[in-house]
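The residues making up each chain are set out below.
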Amino acid sequence: MKYLSTRGGLPPASFTDILLGGLAPDGGLVVPESYPAIDAATLESWRPLSYAALACAIISRYADDVPLHDLAAMTGSAYCVEVFGDDEVTPVSEINDGLFLLHLSNGPTLAFKDVAMQLLGRLFEHTLARDGRELNILGATSGDTGSAAEYAMRGRKGIRVFMLSPHGRMSAFQAAQMYSLPDPNIFNIAVDGVFDDCQDMVKAVSGDLAFKERFAIGSVNSINWARVVAQVVYYFKAWFAVTASTGPRPVSFSVPSGNFGNVLAGHIARQMGLPIARLVVATNENDVLDEFFRTGRYRVRGSAETMQTSSPSMDISKASNFERFMFDLLGRDPERVLALWQRLDRTGEFDLGGTAEFARIGDYGFCSGRSSHVNRLQTIRETAAASGRIIDTHTADGLFVARRWQEPSMPMVCLETALPAKFNETIREALGRNAPRPEAYCDIESRVQRYALMPRDVPMLKRYIAERCPRSG
Ligand SMILES: *Cc1c(COP(=O)(O)O)cnc(C)c1O
């Protein structure tokens, strides 16, 4: 399998060539030259597979330069009951007739990003060891992504993580989750500022190309291709669960969306031949994506226009993975993608409304909707009343929009993207009681915490990194 850039400026590269990278050199995103087609017989032959074996079967088609035996060992150790608390890894439950939840949040940080990140940590370690290299991951987090990255990279050889977070601005649970990690390769840097300050410091350091090269600085952001492909697996797994008693038939999925990574994986599964009817893109009040799928207009927002909501992991102003779907929608023509993104850079928007391409959007199964704080609270209450199950705020957005698009006799699976314990304040607001917390996390706030406090000072950050990277320096 070769990889290309959505903007045409990347010489064909292999999976491990692109594994550790971010954007393609031309500013585009890396995509496979084609999606491997899975015929009905192959699909059925995968039905009895464990999650780990299914992951290996699917990902090996994209990662054909990782030895199969090694890939099987990595999926085997990532996708097991010890890491995800369930033999199914991502179990499915029915909340009422034809409406299902796909549980993606039983990994170490209680949100779906663990599913991809746990494999990514192993793939990074494997590839770095093969090449005798090291990597220093530098990132900024407001909570979820940073902790998933730290839990995936902790203790891994050849990898250090430098994670900036806004001091005193995360929930006590989120801060404890990150700051209590004892591993010597994890460096938490609590910045005296807000998330945007952390982000700016990361950009300043990564923008110093000499420093970046010398200290092998990398990232694990949501455009990483391996993360996307690891997420394809659970669409297959869920489809097998929902069609276990009926045999092959189409199934719809509803996905709480922000950066368009999770639902893009559903699009890829569908392109591979998985019988998916609808792909419902559910947004919160930050409805950049809903606006596009309704009207064809894609208008990114500034940070002043990005609202802080009670489903904070979906508070995005532009969807960083969206370009990958646009590449497919525009007939995989890099020149058209480049032209569109040049317009986006110039004017902050583009509009495909009324074009032949946009008219075909339904052929891809996509539809969308938006949810608000009130919808979220109401959905959490209704779900608790009807099924006794407490869902998190992001999942509530997905479920709220799913109900609008549900068709009689078409199963609909909503992706559960976090556990409610992570967003307990809103659960208390909705239900007047606490969300249940998994036992292993009961004492998390009282564990010893370890972090460096730092002002918004880029030279100080560089020094901090340099002092801790003996070999690269
Ligand atoms: C990251 C995240 C999302 C959004 O997923 P994307 O892949 O960015 O669309 C939704 N819910 C939760 C809990 C998340 O952490």
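Residue indices follow the written sequence of each chain, beginning from 1 at its first position. Totals for whole chains, interfaces and linings use all residues, but because this is a predicted model, local features are given only for residues with pLDDT of at least 70 and pairs of side-chain atoms are given and counted only at 80 or more. Side-chain numbers here rest on the full set of heavy atoms in the structure, without hydrogens or water.

Engineer: Can you explain the overall build of the protein? Please cite residues and give values.
Structural biologist: Numbering goes from the N terminus for both helices and strands, where a helix is a DSSP run of H or I of at least four residues and a strand is a run of E of at least two. A tally of helices and strands in the protein yields 20 helices and 15 strands. Here the globule rule is a power law, 2.2 Å times the number of residues to the power 0.38, and the radius of gyration is based on C-alpha atoms. At 21 Å, the protein has a C-alpha radius of gyration in line with the 23 Å of a compact globule built from 473 residues. For the C-alpha atoms alone, the extent of the protein along its principal axes is close to 60 × 55 × 50 Å. Here the protein holds 473 residues, and the buried ones make up 59% of them. The contact rule is simple, with two residues in contact once any of their heavy atoms fall within 4.5 Å. If you take every contact in the protein between residues at least 6 apart in sequence, the share linking residues at least 24 apart comes to 75%. Methods summary: accessible areas were calculated by the Shrake-Rupley approach with a probe of 1.4 Å, and residue burial reflects only the protein chains presented. Surface accessibility of the protein: about 18,200 Å² in total, with carbon and sulfur atoms responsible for 50%. The sign given to each residue is positive for Lys and Arg and negative for Asp and Glu; His and the chain ends receive no count. Working definition for charges: the position is that of NZ of Lys, CZ of Arg, CG of Asp or CD of Glu. The averaged location of the 54 negative side-chain charges in the protein is 2 Å from the averaged location of its 49 positive side-chain charges. Relative accessibility under 20% of the residue-type maximum defines a buried residue, over 50% an exposed one, and the middle range a partly exposed one, all with a 1.4 Å probe and only protein chains included.

Engineer: Got a sec to walk through empty space enclosed by the protein? Specific residues and values, please.
Structural biologist: Both site types are read off a 1 Å grid over the protein atoms alone. A 1.4 Å probe that fits but cannot get out defines a cavity, while an open set with protein on both sides within 12 Å along at least five of seven lines defines a pocket; lining residues have an atom within 4 Å of a point. Grid points are joined across faces, edges and corners, and a volume is the space filled by probe spheres set on the points. Under the defined criterion, the tally for this structure stands at one cavity of 30 Å³ or more. Computed from the structure, the largest cavity encloses a volume of approximately 40 Å³. In terms of residue class, the lining of the largest cavity is built from four nonpolar, three polar and one charged. Think of it as three bins: nonpolar holds Ala, Val, Leu, Ile, Met, Phe, Trp, Tyr, Cys and Pro, charged holds Asp, Glu, Lys and Arg, and polar takes everything else, Gly as well.

Engineer: Can you lay out the nonpolar core for me, pointing to particular residues and giving the numbers?
Structural biologist: By size, the foremost hydrophobic cluster in this structure holds 117 residues, and its most contacted members are Y79, Y235, F236, F260, F292 and F322. Of the residues forming this core, the biggest block, 14 residues, is contributed by helix 11 (residues 225-242). Those residues in contact with Y79 that sit more than four places away from it in its chain are Y51, A52, A55, F84, V89, V115, A116, L119 and A230. In terms of nonpolar packing, the next biggest core, distinct from the first, is built from 20 residues, F211, I217, A452 and I465 among them. To qualify as a nonpolar core, a set must consist of buried Ala, Val, Leu, Ile, Met, Phe, Trp, Tyr and Cys residues joined through side-chain atoms within 4.5 Å.

Engineer: Please set out helix 6 (residues 113-131) residue by residue, giving values where relevant.
Structural biologist: Taking 1.5 Å as the rise per residue, helix 6 with 19 residues should run 27 Å; its terminal C-alpha atoms sit 27 Å apart, in good agreement. Counting buried residues along helix 6, 15 of its 19 residues qualify, which places the element largely inside the surrounding structure. In the stretch just after helix 6, G132 is the one whose phi turns positive, near 60°. In this scheme, a helix's expected span is set at 1.5 Å multiplied by one less than its residue total.

Engineer: So what about the site of the ligand? Which residues, and what values?
Structural biologist: Surrounding the ligand, one finds 15 residues, the nearest of these being K113, G258, N259, N262 and T417. Within the contact set of the ligand, an oxygen atom lies 3.2 Å away from a backbone nitrogen or oxygen of G261. Between the ligand and N262 there is a distance of 2.9 Å, counted from an oxygen atom to a backbone nitrogen or oxygen. Partitioning the shell around the ligand into residue classes produces five nonpolar, eight polar and two charged. Only a single heavy atom is needed: when it lies within 4 Å of a molecule or strand, its residue is near that molecule or strand. Throughout this description, a polar contact denotes any pair of N or O atoms lying within 3.5 Å of each other; where both atoms belong to protein, one of them has to be capable of donating a hydrogen while the other can accept it, and for residues adjacent in sequence the pair is counted only when both atoms sit in side chains.

Engineer: Could you give an account of the sheet that holds strand 7 (residues 186-191), naming the residues involved and the relevant values?
Structural biologist: For two strands to be treated as a pair, DSSP must find no fewer than two bridges joining them. In space, the five strands of this open sheet follow the order 8-5-6-7-15, with parallel pairing throughout. Where the open sheet ends on each side, the last strands, each with one partner, are strand 8 (217-218) and strand 15 (452-454). The pairing of strand 5 (residues 135-140) with strand 6 (residues 159-166) spans six bridges and is parallel. In the strand pairing of strand 6, N136 is matched with R160.

Engineer: Residues and numbers for unusual backbone geometry, please.
Structural biologist: Positive phi, normally seen in glycine, also occurs at V89, with a value near 65°. Within the secondary structure layout, V89 lies in the loop between helix 5 (81-84) and strand 3 (92-96). The backbone of F260 sits at a positive phi, close to 70°, despite the residue not being glycine. Along the chain, F260 falls in the loop between strand 9 (251-256) and helix 12 (261-272).

Engineer: Quick one: what's the story with the packing of aromatic side chains, residue by residue and with numbers?
Structural biologist: Aromatic ring pairs: the centre-centre distance and the angle between the two ring planes describe each pair. Two rings from Phe, Tyr or Trp (for Trp, the six-membered ring) form a pair when their centres sit within 6.5 Å of each other. Planes less than 30 degrees apart are called stacked, planes more than 60 degrees apart edge-to-face, and all others tilted. By the definition in use, this model includes 31 aromatic pairs. In this structure an aromatic cluster arises from ring pairing among F260, F292, F293, Y298, F322, F325, W341, F350, F358, Y364 and F366. Sitting over the ring of Y35, R332 keeps its end group 5.1 Å from the ring centre. The ring of Y464 is capped by R468, whose NZ or CZ atom sits 3.6 Å from the centre of that ring. Look at NZ for Lys and CZ for Arg. If either is within 6 Å of the ring centre and within 35 degrees of the ring normal, a charge sits over the ring.

Engineer: Quick one: what's the story with the pairing of strand 13 (residues 366-370), residue by residue and with numbers?
Structural biologist: In terms of residue burial, strand 13 counts as a mostly covered element, since four of its five residues are buried. Alignment of strand 10 (residues 276-283) against strand 13, held across five bridges, turns out to be parallel. When the sheet's bridge partners are listed, L279 is paired in strand 13 with F366.

Engineer: Please give an account of the pattern of salt bridges that cites residues and values.
Structural biologist: Throughout this description, the term salt bridge denotes a Lys or Arg side-chain nitrogen within 4 Å of a carboxyl oxygen of Asp or Glu. For the structure shown, the criterion picks out 25 salt bridges. Its salt-bridge partner being D287, residue R301 comes within 3.1 Å of it at the nearest N-O pair. Here D287 lies in the loop between strand 10 and helix 13 (288-295) and R301 lies in the loop between strand 11 (297-299) and helix 14 (322-329), a separation of 14 residues in the sequence. Here R301 falls in the buried class, since its relative accessible area comes to 12%. Salt bridges linked by common partners bring D287, E291, R297, R301, E349 and R370 together as one network.

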